[in-house]
Every structure is written in C-alpha cells, then in structure tokens.
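An overview of the molecular structure
In case you want the letters, here they are:
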Amino acid sequence: VIAYFVKKDQEKENEKENWHLGYGSRILSIISGQNQLSEDEKKSTEQAGFILQQSYEPEPSITGTTFASAIRAQGIINQEKFDKLPVEEIVKKLKDEWSPAKLKEKYKGEDDFHKPHNAEGVGGQIQSSISRRLQGFISKATLFFEKDVIEEHFLYSFFRGTEEAIKNNRALAVETDWDNFIKLCLAIKASGEKEPLHGEKKDRDSFSGWLAGWRSIHSAMADVLQILLKEEDNKTVIDFKKYRDDIFGILKYLLKYPDPTPENEKPETASMTSGGPNNQQLVSDPFTMAINTVRGRAFQTFMFFIYPDGRNPENKNEVKIKEDVKKLYEDVLDKEDTRALMFMFGHYLPSFYFRDIKWIQSLLPKIFPKESEKKYLYLAAWEGYLANNLYYEIFIDPNFQELYQYALSVDIDDAGRRYFRDPDDGIAIHLALAFVHYKDFGFEHPLFKAFWENKDFEPHSHFVSFIGRSFVSGDNVVTNEFLEKESIGKKKIREFWDWLLSNHDDPKTFIAFGFWINIEKNIFEPKWLAEHLRKTFEKSKGVID
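From a predicted model like this one, the values you see are computed outputs, not experimental measurements. (Residues numbered from 1 in each chain as written. Predicted model: local features only at pLDDT ≥ 70, side-chain atom pairs only at ≥ 80, totals over all residues. Heavy atoms only, no water.)

With respect to the overall build of the chain
When you go through the chain residue by residue, the secondary structure sums to 30 helices and four strands. For the chain, the spread of C-alpha atoms along the principal axes amounts to about 80 × 70 × 55 Å. Going through the 545 residues of the chain one by one, you find that 48% of them count as buried. For the chain, the proportion of contacts with a sequence separation of at least 24, taken over those separated by at least 6, is 72%. If you sum the accessible surface of the chain, you get close to 27,700 Å²; carbon and sulfur atoms cover 49% of it. Positive and negative charge centroids in the chain, built from 75 and 89 side chains respectively, lie 2 Å apart. (Helix = DSSP H or I, 4+ residues; strand = E, 2+ residues; numbered from the N terminus. Buried < 20%, exposed > 50% of the residue type's maximum accessible area, 1.4 Å probe, protein only. Contact = heavy atoms within 4.5 Å. Areas by Shrake-Rupley, 256 points an atom, 1.4 Å probe, with all protein chains shown as cover. Lys, Arg positive; Asp, Glu negative; His and termini not counted. Charge placed at Lys NZ, Arg CZ, Asp CG, Glu CD.)

In structure tokens form, the structure reads like this:
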C-alpha cells in the first residue's frame, strides 16, 4: 500500500493534488485500527507522509445524502461486546430492551438518520456474531423462535447468519451438531401448520429500519437447508441419514407455503416488475420470481435433497428416487398454478428424469400441459426446460421429440411478462447444439426439417448466430476440446453453410453470419470462407451483423 500510493503521489502533475496519500492513509488507518501494524511499521508509515487515524471508519461516498444505501443501522453495543454476550443473554435482550418498539422509544428524536439504532442494526450484529461462534448459536437455536414475543426479524437474522457461517467455513459446519437447528425448523413447521405464518413487514416508517416477516424467514430457512444439503465430494454438511426424515417433512411444509401466488404474476397485481418497451411495466421472468419466493427456493432445496437421498452407497453410479419423494413431487405438481414453480419443474427436470425415466415420462403431460387454459403454465415449464443444458438421452427420447415438434407450432406470446429464456431462442439453441454434436441429428431428421420448413421464422437467425458465437468465434474450453477431438463437428458446420445457401433465402437469417468470420479454429480455409461470405452477402443484400 505504501509503495503504491507513494509512487502515485510522486507521479502527480499538480502539487496540490494530495488525494493519493489521503486514500492510502484511509487504508492504512483501517489496518492499524485492527492492530495489524507494529510500532516500527506505524513510524515508517507516518514518515512516508501518511496520517493514521485510529478512529477512522469507512463510509459510502454518498454520505450527506438521504439515499438508503448511505444508512448504516447500528446495534446498542459495539460488536466486540456483543460477541462476548452469552446467547441466552442476547435472546433475553431481544425480548425486551432490544425489541423494535423499545429501541424506537429509547432513541426517539435523538438518533442520527444515517446511523439509526434499531432492530435492523441488532439483526446485523446477530448475523456477524454467528460466523464467529456457530456452535454456540446453533446449540441455542430454538430460543430464537417464540411467536409474538421475539421479533421475527431476529429469527431471520439468525438464519442469514447461519447461512453465511456455513459458506465461510464449511469444515467448521461439518463438525457442528445440528440437532437444535432441525428442532427450530420443526417448531416453525408445527406452528405454521397450526396457524399460518404468512405476511411480510415494511416497517421502515414505524421502526426506522427494514424488518423481515414470515415470508422472508421461510425463504431464509430454505436457503440454509439448501446449503446443508449441497454436496462436495458426495458429502453433505449435515448428517443426511440422521436428519433425512425431518428435513423431508420440513421441505414438504415449505413446498405448500403460499408464496408465490397467481396474483404475484398478473400485470395489475405483480409483486416483481421491470421496465419494458414504451415504459410498460412487465412482470418479472418466472426464474427471477421463483428464486425470490418461498416455494421456488424450497423446490431448489428439494432438488438438492434427492442427490444424497437417492445414492446407492455400494454403487455410486446407481441413483434412484424414493416413493415418498415421488409422491411429494406429484402432489406439488398437481396443485401448482404459478409460472414461477412450473419453470422450476421444467428447469430441474433432468435431475429427476435420470433417476426414474419411466416415471417422469408418465408426468410429461402435467409438466407441459397442452390445455388452452394452461398455456401460460406450459410456456413457463418449457422455458425452464430450454434454459437447461442439452442432454442426449433426453433429446432422443421420443416423448421429448414430440414436445419439440409441438413447441414449433405454439405461439409463444404471453403478454405482460418477461422471459428468462425466450422459447424461440431456446429451441434454436437446443437444435443447434444437437446438430453440431449429434451424428444422428442431421438434414433429414424430421425435427430439423420441421424447424427449417417455415421460411420466415426468427429462430432461424438464432440458430445461425448461436453456432457462430459458440463454436466458430467462442472461446469455451469444452467446446474447443470437442471441435479438436470430434472432426464431425467442424464438418457439419461447413455442410450446414452449404445447405443453407442452397435451401434458404430469408435475408434476416444470413445477416446472422457475423460470428462465422473466423479462421482461428481451422474450421474454414480462408479461400473457402471468402467464397461463402460472398454468397452470404448476396443473400443478405450486403448486410451482416
């Protein structure tokens, strides 16, 4: 730091320009404030022209404004003292003197607007403290849930702090005893089944800070379970065998939670929107909606659950799916009426498909419903499927071949909402990948013919552009290795260009050949490429993207 900023200071053009040493001083002040500088280092730092401020605290560059990002909620005591408090003492204070109402009353009329003392600040301290004493908090997890006594936001902070602690130190998390954490989740489940725990708070005006409600708590609970189930080297953080049935019960509860709802996805009542053409507000795409809702997050966690649940310990290559898991999957599917969750059914279909092919094949009419009144659900599920990687076994499945054929006949318009992956673009990408990779998918394949028989079809340009971007000009390591090892890929790319010049005339399709102008991967010889570009320019009327 010293060498860098001293050099910058020496290179300055104006003697009055001293901000280099100022920025260096701030960084060095933080290091010094953490007791990371020896006395000799402090002396040499000051001799170099830097000023150490022991009380310096970094602040947003927009301080002095009223932007929310400049507001830094505070706890009542500093973090060092907070970390020394027994967890039982913290919980006791949360019930009384650190409650939102008590804090509001205590600091009424005398709080700094940019540094308010409130429940949001206390919640931040809980999150921070958990990372330093995970087992201490987890062993007291059940204390954080006492409905109508402890503010829900503190329970939310507990879950978020637990999630961060696992991410930051997986090894420590593996050694943690999760008994009381599971008991906490089961207590919330039991309470929610007895009397629904719904709703979200927006109490910045009431308590000078944002307070999480039950919807956020359930999302956070699903997130912690997800990271506990996520495998590394085929091992979960938590003892899966020990807690399997409890976690399954919790997931069953979360997958019934009424978030999202169809009303969340209607333009007039949407919970998430973004700007569209002509300042029109569009409903968010179903994937964004899903990952910001309880059932969407729970479905992701459910997908992680089936990996350790279906593995045969004696044969790692053998996977299956248990009957109670199948029933839960079917129950959720039967009741589902939101785009968000149907997207998830389509997107995570491969994980379930390869565990029981016949079972999933039997459910395809429900996952991709063709009834006119369910078209919006079909489009969301199909969009989710197309947003996935392409799997050969699924692609050649006659059931999916029929689904691809059906998709080519469906009008994809779903007014008032965004797409995560435009179905027209998605099907073009899947077929382009299949064409280059699979020897048995060529010019005479019925699906290839069906795709190209419409002479004025926007996905044609997506098909051409994707091959150019991904195979000819792209720099993906796996794709490059495929082209080097499998000469059929390069051959089919050249053959396609010849075929298209002979069988197609839409200028828009030929405009998309811009990314094909590349000889670095030895797909084309320069003279061959030049000749094909001449013909392409003739087709595109001199225009290329």
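More follows now that the structure is in view.
A few points about helix α28 (residues 487-503)
When the terminal C-alpha atoms of α28 are compared, their 24 Å separation across 17 residues agrees well with the 24 Å that a helix rising 1.5 Å per residue should span. Every buried residue of α28 is accounted for by G489, K490, K492, I493, F496, W497, L500 and L501. Packed against the buried residues of α28 are α24 (423-437), α25 (446-452), α26 (459-472), α27 (477-485), α29 (507-511) and α30 (526-540). (Expected span 1.5 Å × (residues − 1).)

Thoughts on the environment of Y257
Summarising the element assignment, Y257 is placed in the loop between α14 (240-254) and β1 (273-275). Along the backbone, Y257 and S131 are 126 residues apart, and their C-alpha atoms lie at a distance of 29 Å.

Considering the packing of α14 against helix α16 (residues 294-310)
Relative placement of two packed helices is described by the angle separating their axes and the distance separating the axes. The interhelical angle for the contact between α14 and α16, taken along N-to-C directions, is 155°, at an axis separation of 10 Å. By the angle between their axes, α14 is roughly antiparallel relative to α16. Here the hand of the crossing between α14 and α16 comes out left-handed. Along its contact with α14, which presents F240, R244, I247, F248, L251 and L254, the element α16 presents V294, R295, A298, T301, F302, F305, P308 and D309. (Axes fitted to C-alpha atoms, helices over the stretch in contact; angles between N-to-C directions. Parallel < 35°, antiparallel > 145°, perpendicular 65-115°, else oblique. Left-handed = near helix turned anticlockwise from the far one by under 90°.)

Some points on the packing of aromatic side chains
Evaluated as defined, the whole model comprises 64 aromatic pairs. Look at F368 and Y385: their rings are 6.4 Å apart centre to centre, the planes differ by 80°, and that puts the pair in the edge-to-face class. One end of the pair, F368, is in the loop between α20 (357-367) and α21 (375-386); the other, Y385, is in helix α21, with 17 residues separating them in the sequence. For the pair shown, F368 and Y385 are each scored as buried. Here the aromatic rings of F443 and W499 are separated by 5.5 Å at their centres, their planes lie at 25°, and the arrangement is stacked. Separated by 56 residues along the polypeptide, F443 in the loop between α24 and α25 and W499 in helix α28 bring together distant segments of the chain. (Phe/Tyr/Trp six-rings, centres within 6.5 Å; stacked < 30°, edge-to-face > 60°.)

Here's the deal with unusual backbone geometry
Cis geometry marks the peptide bond from D259 to P260; its omega dihedral reads 15°. Phi is positive for N234, close to 65°, though the residue is something other than glycine. Although it is not a glycine, N522 adopts a positive phi angle of roughly 60°. Here N522 is to be found in the loop between α29 and α30. The exposed category is assigned to N522, whose relative accessible area is 58%.

Thoughts on the nonpolar core
The nonpolar side chains of a soluble globular protein tend to be buried, and buried together. In terms of nonpolar packing, the biggest core is built from 147 residues, with F159, W178, F181, Y329, F368, Y404 and F463 touching the most fellow members. It is helix α13 (residues 214-229) that contributes the most residues to this core, 10 residues altogether. In contact with F181, other than residues within four places in its own chain, are I138, A141, F158, F159, T162, V224, L225 and L228. Formed by six residues, the second largest nonpolar core is a distinct cluster that contains L21, L28, L37 and L52. (Core = buried A, V, L, I, M, F, W, Y, C linked by side-chain atoms within 4.5 Å.)

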